[in-house]
Amino acid sequence: MVETLGVAVVGFGWMGRVHTQAYARLPHHYPQLALRPELVAVAEEVPGRAEQAAGQYGFATATRDWREVAADPRVRAVSITAPNFLHREIGVAMAEAGKHLWIEKPVGLTAEDARAVADAVTKAGVQGTVGFNYRGAPAVETARELIAAGEIGTVTHVRVRLFSDYAAHPEGALTWRYERERGGSGVLGDLASHGADLARFLLGEIAALTADTAVFVPERARPTGATAGHSRVSGGELGPVENEDYVSCLLRFASGARGVLEACRVSVGEQNNYGFEVHGTKGAVFWDFRRMNELGVSRGTAYQDQPVSTVYVGPGHGEFGAFQPGAANAMGYDDLKVIEAHRFLRSIAEGVPHGATLTDAVRSAAVLDAMARSVASGAWVSPESA
């Protein structure tokens with residue numbers, strides 16, 4: 001028997017739409033799921049945006065105040081896709097109201113913020129899922145399985161990259177993303193948080209690191225009205241970019257492996273160039289988000305001149321079978337959020353976590369905080385324990 005679950009979305013920019021569409025698609029891809037989401041409420045402070053969302057997607061209620069969502073008894077689960085500086089306040093309040101949380105990374109501005117939300121979730125006895133979507137790609141999960149099975153030998157080193165051009169244009173608006181008070185870190189929280197999670201997901205905990213950051217576009221024009229996504233503006237008052245455009249980081253893993261994590265939001269010529277290369281004593285695995293359904297694999301006994309094979313993921317890899325019937329039929333970004341939504345609702349139905357949790361968010365945030373401390377001190381530092 002299928003049970004209806006009242007859900008709400010708080011914050012309706014691009015990511016709010018992605019979450020909403022994922023809920024709508026769940027019954028199509030996972031018809032066996034014991035819970036079926038019902039779009040009860042949407043909250044967005046920008047005038048008219050919540051009403052527009054309700055009209056387009058069928059939410060029963062639209063409001064500008066997320067507190068009304070917390071008080072709504074029809075809502076049992078909430079997607080939190082508001083700006084970073086609101087994550088802690090909204091996340092804690094929703095958990096204390098007994099709502100299950102699907103919250104976007106980096107879950108606040110600091111590891112302390114992420115811990116506060118994690119503690120509230122634990123105390124309330126609700127489920128919490130975090131938007132580390134790249135770890136859910138079937139090729140990435142397959143890479144993790146190959147590594148864990150020793151197919152490439154003992155891991156020696158990894159490179160994780162996240163290069164994008166979304167902030168490369170000098171007319172990009174000075175939104176909350178570029179302010180310390182509301183955005184916290186820059187590319188650290190936005191892209192490097194995914195990199196830290198991927199590194200941990202594949203290789204285990206990070207024991208120490210040293211990092212360097214830079215701001216390459218130091219000023220931007222302030223917008224005169226509401227913005228969504230990465231809007232452009234010209235002629236406005238210029239203000240300073242307060243957080244980093246770029247980070248490079250050397251990693252030491254608890255296993256003894258070494259790593260490099262590099263992320264940039266102003267890389268001209270790079271559109272979502274995200275991926276990793278993991279090398280071991282007997283082989284290697286390679287993944288590029290832009291070819292999301294392919295995995296490069298080198299394994300064998302040749303060592304020198306050992307070839308690399310391309311594996312096209314199929315129904316036997318991760319959750320690919322919920323979307324496509326045969327290998328090399330492409331999945332896309334939005335499908336990864338459907339996988340997250342499925343794991344979120346499965347966690348609620350079964351009472352045990354599936355997918356990325358608030359503990360993962362805390363550990364990723366601790367890595368980001370360690371990067372910031374390393375930049376300030378110029379030294380190797382250890383991430384705080386979760």
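Basis of the calculations
- Residues numbered from 1 in each chain as written.
- Predicted model: local features only at pLDDT ≥ 70, side-chain atom pairs only at ≥ 80, totals over all residues.
- Heavy atoms only, no water.
- Pairing = 2+ DSSP bridges.
- Helix = DSSP H or I, 4+ residues; strand = E, 2+ residues; numbered from the N terminus.
- Axes fitted to C-alpha atoms, helices over the stretch in contact; angles between N-to-C directions.
- Contact = heavy atoms within 4.5 Å.
- Salt bridge = Lys/Arg side-chain N within 4 Å of Asp/Glu carboxyl O.
- Buried < 20%, exposed > 50% of the residue type's maximum accessible area, 1.4 Å probe, protein only.

Engineer: How do you make sense of the pairing of strand 11 (residues 246–253) when you look at a structure like this?
Structural biologist: On any regular strand, side chains alternate: one points to one face of the sheet, the next to the other face. Here strand 8 (residues 206–214) pairs with strand 11 via eight bridges, running antiparallel. Counterpart to Thr210 in the pairing with strand 11 is Leu250. Bridge analysis of strand 11 against strand 12 (residues 258–264) gives seven bridges, and the strand direction is antiparallel. If you follow Cys249 over to strand 12, its bridge partner there is Leu261. Taken together, strand 11 and the strand that follows it, strand 12, pair antiparallel across an intervening segment of four residues, in which Gly256 is found at a positive phi of about 105°.

Engineer: Help me understand the sheet that holds strand 11, please; the structure alone is not making it clear to me.
Structural biologist: The strands making up a sheet associate through backbone hydrogen bonding, with each pair oriented either parallel or antiparallel. Ordered by their spatial adjacency, eight strands build an open sheet running 8-11-12-7-13-14-15-16, and the pairing between neighbours is mixed. Every other strand in the sheet has two partners, leaving strand 8 and strand 16 (309–312) as the edge strands with one partner each. Sheet twist, expressed as the average angle between the axes of neighbouring strands with direction ignored, equals 15°. Sheet contacts for helix 6 (residues 138–148): strand 7 (155–163), strand 13 (273–280), strand 14 (284–288) and strand 15 (294–298); angle to strand 15, the most-contacted strand, approximately 20°. Its contacts with the sheet place helix 8 (residues 187–203) against strand 7, strand 8, strand 11, strand 12 and strand 13, and it is angled at close to 155° to strand 12.

Engineer: Just to check I follow, could you spell out the pattern of salt bridges for this structure?
Structural biologist: For side chains bearing opposite charge, pairing can occur when the charged atoms are close. Within the structure shown, the criterion is met by 27 salt bridges. Of the charged contacts in the structure, one is a salt bridge between Glu151 and Arg299, with a shortest N-O distance of 3.1 Å. Highlighted residues: Glu151 in the loop between helix 6 and strand 7 and Arg299 in the loop between strand 15 and strand 16, separated in sequence by 148 residues. By relative accessible area, which is 42% here, Arg299 ends up partly exposed. Across the pair Glu277 and Arg159 runs a salt bridge, and its minimum N-O distance is 2.8 Å. With Glu277 in strand 13 and Arg159 in strand 7, this residue pair connects regions lying 118 residues apart in the sequence. Among the residues examined, Glu277 registers a relative accessible area of 15% and is labelled buried. Arg159 gets classed as partly exposed once you look at its relative accessible area, which sits at 37%.

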